Amino acid sequence: MNNNKLNTQHHYVIIGAGMAGILAAIKLREAGKHNVRVYEKADRIGGTWRENTYPGLSCDVPSHSYTYSFEPNSEWTRHLPPGPEVQAYFESVVAKYQLEEIISFNEEITDCRFKNNQWHISTSKGNSDCADFVIAATGVLHHPRIPHIDGMEKFKGKIFHSARWDHSAPLENKRIAVIGTGSTGVQIVTALAECAAQLCHYQRTPQWIMPVVNAEFSEAEKALFRNDPVALKSIQNDPELEANIERFSVAITEPDSAAMHEIENIVRENLENSISDPELRERLRPNYRAACKRLIYSESFYQVVQQSNVEVLSEGVDTIEENGIRSADGTLREFDIIVLATGFQADRFMRPMRITGENDITLEQAWADRPTAYMSVSIPEFPNLFMLNGPNGPVGNFSLIEIAEQQWHYISQLMSLVESAQYQKVSASQTALEDFDKARIIAAKKSIFGSGCQSWYLDAQGIPATWPWTRAKFKEAMQKPDLSAYCLA
Ligand code: NA7
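A few points on the structure. Note that the structure is predicted; figures quoted are calculated from it, not measured.

Observations regarding the packing of aromatic side chains
The description of an aromatic ring pair rests on the distance of the ring centres and on the angle between the ring planes.
Piece 1. On inspection of all chains with the given rule, the structure shows 25 aromatic pairs.
Piece 2. Ring centres of Y12 and F133 lie 5.1 Å apart, and the angle between their planes is 15 degrees; this geometry places the pair in the stacked category. With a gap of 121 residues between them, Y12 in strand 1 (residues 12–15) and F133 in strand 7 (residues 133–136) connect regions that are remote in the sequence.
Piece 3. In this structure F133 comes out as buried when scored by relative accessible area, which is 0%.
Piece 4. For the ring pair F449 and Y457, a centre distance of 4.3 Å and an interplane angle of 55 degrees mean the geometry is tilted. Of the two residues, F449 and Y457, both sit in the buried class.
Piece 5. For the cation-ring pair, K293 lies above Y288, with the distance from its terminal atom to the ring centre recorded as 5.9 Å.

What about the site of the ligand?
Piece 1. Not every one of the 18 residues close to the ligand is listed here, only the nearest: T181, T184, T205, K293 and R294.
Piece 2. Contact between the ligand and W456: an oxygen atom at 2.9 Å from a side-chain N or O atom of the residue.
Piece 3. For the ligand, whose unbound accessible area comes to 780 Å², protein coverage reaches 84%.
Piece 4. Classifying every residue of the shell around the ligand by side-chain character gives 6 nonpolar, 8 polar and 4 charged.

Regarding the state of the cysteines
In protein structure, a disulfide is the covalent linkage between the sulfur atoms of two cysteines.
Piece 1. The full count for this structure, using the stated rule, is 1 disulfide.
Piece 2. One disulfide bridge connects C292 with C453, the sulfur atoms lying 2.2 Å from each other. Between C292 and C453, the S-S torsion sits near -100 degrees, and that sign places the bridge as left-handed. Pair noted here: C292 is in the loop between helix 9 (278–283) and strand 12 (296–298) and C453 is in the loop between helix 13 (430–446) and helix 14 (471–477), with a separation of 161 residues, a long-range link. Like C292, the residue C453 is buried in the burial classification.
Piece 3. Here C195 is not cross-linked by a disulfide; its sulfur's nearest cysteine counterpart is in C200, at 14 Å.
Piece 4. For C200, a relative accessible area of 0% gives the class buried.

What counts and how
- Residues numbered from 1 in each chain as written.
- Predicted model: local features only at pLDDT ≥ 70, side-chain atom pairs only at ≥ 80, totals over all residues.
- Heavy atoms only, no water.
- Phe/Tyr/Trp six-rings, centres within 6.5 Å; stacked < 30°, edge-to-face > 60°.
- Helix = DSSP H or I, 4+ residues; strand = E, 2+ residues; numbered from the N terminus.
- Buried < 20%, exposed > 50% of the residue type's maximum accessible area, 1.4 Å probe, protein only.
- Lys NZ or Arg CZ within 6 Å of the ring centre and 35° of its normal.
- Near = heavy atom within 4 Å.
- Polar contact = N/O pair within 3.5 Å; in protein donor to acceptor, adjacent residues only side chain to side chain.
- Areas by Shrake-Rupley, 256 points an atom, 1.4 Å probe, with all protein chains shown as cover.
- Nonpolar A, V, L, I, M, F, W, Y, C, P; charged D, E, K, R; others polar.
- Disulfide = S-S within 2.5 Å.

Below, the structure written as structure tokens:
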């Protein structure tokens, strides 16, 4: 490959100005590629951190790990950063790299079609664009999953999804119902317990809770990080944290490992030691293995659910009526606010955008069985289109920033084959994807995610859609593409 032949005139389109889109834009410009356009359907950057503004929002990955490797942040206030701080971090990065000038806000890409070795793009504003490369950085947890509960439309109070928080609704001394016990529901209940008159947590399935101390960084620590780049780098690459993350990744891929038994012991002891009422303890006890659903980290959820103004209800939601929720046991509880912390449609990725690759194949056709991508980044017959945090990536309690950076390292090597004019198009071969998928599915079924629970990690057939091997193996796979897995023309 002759890098001297780099053609800086290639046009790059990035879909989405969230964490991954920002990364791609920075990396492209850093490499001297200035013909870059980011399309963002909202009016601000930030992706999931823009959309989620609920009380108690916090990242469940340590702050210094949830940070671009090249943009360390001395100012994180806590071990697990509050959501608004994460949003502010991304906004500061966008400002520093002057990315606003290349972002088209309020402009959704509606259609992408590959023709004559280019992607022909249409947007919601009626504009068109023509790109040599498309980077889909559309996020995973993006489309709210709104359940259809009988009578929802009759409710006279406020009802909204956690990712569409209605900030006009006062919370102080209100009667509030939260439906859903994922990370979101747990964070919301923990926050609202402070101000609600009555807080009912509707639990369809209990969760294992990993105790955590979400310590604040002291002023002295922040001053040290501010003044000593080496100290800042070393907290970012903290070897102890690294070892723990790696151990966790072994645990989820090898459910019988000592690492997984250790996690199980911790969460079981947390439940046993924290909940004094035996009846409530049993109601909160999951009947599946720890980390089968995404593990929830909480400092105080178990303490909060024992407060007098908080109740965990496992009777099930039957209907919603004018004044509240009727449980399956017939009890009507009245509420001012109902929060649907019911998660996301994690299989949508860049859909509903219409994407048509070679031979008129649509993304809907390619993904008729399930969303898949070779190594999580490339789809056969969709040349020069790459995904960051696409299907089959390592999404289980890891820093998606780190994952996206590794994917970028890999993708940029594929793009350079076209940039150097060696080839005109590159996409994974069908055989490579099939082989990858076969191995992935075998391993996925054996992972903790396949150990018998319902979660957003599972595809429509109930198979974990995540990267089923260790984090170290992913990092290794992202070092260098195996070109024999690609169709190069
Ligand atoms: P999750 O983890 O998908 O959790 C959704 C929760 O909502 C979960 O407890 C579901 O119960 C519950 N749910 C969904 N539909 C219903 C209905 N119809 N009735 C009752 N309960 C329902 O989403 P989160 O937003 O909490 O977290 C997503 C990720 O964001 C999280 O993993 C972090 O990565 C950040 P179920 O367990 O299916 O019985």
